[in-house]
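Topology and contacts: notes
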Amino acid sequence: MEISCAFPTALDSPDNIALAEELGYARAWVYDTPQQSPDVWMTLALAAARTERIGLGPGVLVPSLRHPMVNAAATATLAALAPGRVAVSFGTGFTGRRAMGYRAITWSYMESYIRAFKGLLRGEVIEWEGAQMQMLHPDGHAPARPVEVPVLIGALGPKGNEVARELGDGLYATLQVPEFMSEYSWVPFLVWGTVLVEGEATDSEHARVAGGPGWALAYHGAYEFAGPDAVRKLPGGDEWMNVVEKAPPQRRHLAVHSGHCVHLNEADRAAWDAGGHAMLTDVTVSGTRDQVRRRVDELASQGVTEIVFQPCGPDPRAELERFLEAVR
């Protein structure tokens, strides 16, 4: 299994990616979340200039945020800056859309978009929104077509699986283990958590700042995919919903996604303080070194080929080092 990392795109992400390369991580993925992040492509370009070996890619791109020509041109640019190191993954938009009040895109749209995107990179004339177009970059403006870059697709259900099997070079997974994961030879699996010292409580300050942002996804995901009743069944769920419901309905997505994957927002803190922290080792890859290693081994046995760890908190070096030591 390869050991990779991910970052919620920030101004210091290029430096953190260089650090990950120094420590020996295989690949660095960064998020396409413009409502809370700098531009994913600018960040990857800066990372390419500061590294030599580590793989680079957006994980995941949300198609509706950019025209396929824009993502194709950006992909080609990054491939020129980091030859042989680039992969691209696509998803329907958990934070990248829901944090702006939209629902996920449809799989029919995703299929059409990826076909157009891949056709552009091959140098073909494609049709998009009723117009025919082609990458026309002269020499020196982009690599010559075809631009060979692997494309992975984030899918959890049968429709996504169909698109991933037909158009993808691998499956990008997170939040839950798809039942069809073992069908793919390349499966990065995105995880959050932290390595606890022996005897460290799940409500320690370190556990909160380093493991809490990943733990909070249990509430964010339950709310978005199953609704308030599902949240209220979680420890601290009533307290979480009480905070979210203080916001008017048309703005509740802002209360939910504030701090997403970075820090605990007001609702998350209310749930944590109400005892929700007890779920930390259940919903994240957190625990002692032995516990973290066993969890990663379990994921490998289910078909994960690349574990992707997102460090949280004020000391990314320490989190990256602890995780690497635990799983190697």
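Quick summary incoming for the structure in this document. (Residues numbered from 1 in each chain as written. Predicted model: local features only at pLDDT ≥ 70, side-chain atom pairs only at ≥ 80, totals over all residues. Heavy atoms only, no water.)

1. Topic: the packing of aromatic side chains
Describing an aromatic ring pair means giving the distance of the ring centres and the angle of the ring planes. To keep things clear, this is the line we draw: Only Phe, Tyr and Trp rings are paired, with Trp represented by its six-membered ring, and only when their centres lie within 6.5 Å; those with planes under 30 degrees apart are stacked, over 60 edge-to-face, the remainder tilted. Helix and strand labels come from DSSP, where a helix needs a run of H or I of at least four residues and a strand needs a run of E of at least two; each type is numbered from the N terminus. Relative accessible area decides the class of each residue, using a 1.4 Å probe on protein chains only: under 20% of the type maximum gives buried, over 50% gives exposed, and in between gives partly exposed.
Summed over the entire model, instances satisfying the criterion amount to twelve aromatic pairs. Relative to Tyr113, the ring of Phe90 lies with its centre 5.9 Å away and its plane at 65°, an arrangement referred to as edge-to-face. Within this pair, whereas Phe90 is found in strand E4 (residues 88-90), its partner Tyr113 is found in helix H5 (residues 107-121), the two being separated by 23 residues in sequence. Judged by centre distance (6.4 Å) and plane angle (65°), the ring pair of Phe180 and Tyr184 falls under edge-to-face. The residues Phe180 and Tyr184 share a single accessibility class, namely buried. Grouping aromatic residues by their ring pairs yields a cluster made of Phe90, Tyr109, Tyr113, Phe117 and Trp128.

2. Quick look at unusual backbone geometry
Cis geometry marks the peptide bond from Gly59 to Val60; its omega dihedral reads 10°. Relative to the helices and strands, Val60 resides in the loop between strand E3 (55-58) and helix H3 (68-81). Here the amide bond leading from Arg145 into Pro146 is cis, since omega sits at 5°, within 30 degrees of zero. With respect to the element layout, Pro146 can be found in the loop between strand E6 (131-133) and strand E7 (151-153).

3. With respect to the pattern of salt bridges
Here is the rule: Salt bridges are counted wherever a side-chain nitrogen of Lys or Arg sits within 4 Å of a carboxyl oxygen of Asp or Glu.
Summed over all chains, the structure comprises 18 salt bridges. Measuring nitrogen to oxygen at the nearest pair gives 3.0 Å for the salt bridge that ties Arg232 to Glu245. One end of the pair, Arg232, is in helix H9 (residues 228-232); the other, Glu245, is in the loop between helix H10 (237-244) and helix H11 (252-257), and 13 residues separate them in sequence. By relative accessible area, Arg232 is classed as partly exposed at 30%. Residue classification places Glu245 among the partly exposed positions, given a relative accessible area of 34%. Three or more residues are tied together by salt bridges with common partners; here these are Glu22, Arg317 and Glu321.

4. Describing the environment of Thr288
Our working definition: Residue contacts are defined here by distance: any two heavy atoms, one from each residue, within 4.5 Å place the two residues in contact.
By secondary structure assignment, the location of Thr288 is in the loop between helix H13 (280-283) and helix H14 (289-301). Given the relative accessible area of 13%, Thr288 is considered buried. C-alpha of Thr288 to C-alpha of Gly199: the two residues are 89 residues apart in sequence and 8.5 Å apart in space. When residues no more than four places from it in sequence are discounted, the contact partners of Thr288 are Val195, Leu196 and Glu198.

5. With respect to the pairing of strand E2 (residues 27-30)
This is how the line gets drawn: Pairs of strands are assigned from DSSP output, requiring at least two bridges between the strands. Here the term right-handed applies to a crossover when the path leading from its first strand over the helix to its second strand runs clockwise, the strands being oriented away from the viewer.
The two faces of E2 match: Arg27 and Trp29 on one face and Ala28 and Val30 on the other face are all buried. Note that strand E1 (residues 2-7) and E2 share three bridges and pair parallel. Residue pairing across strands places Ala6 opposite Trp29, the latter belonging to E2. Following the chain from E1 across helix H1 (residues 13-23) to the adjacent parallel E2, one finds a crossover that is right-handed. Looking at chain direction, E2 and E3 are connected through four bridges and run parallel. Residue pairing across strands places Trp29 opposite Gly57, the latter belonging to E3. Tracing the backbone out of E2, into helix H2 (residues 40-50) and back to the parallel element E3 gives a crossover that is right-handed.

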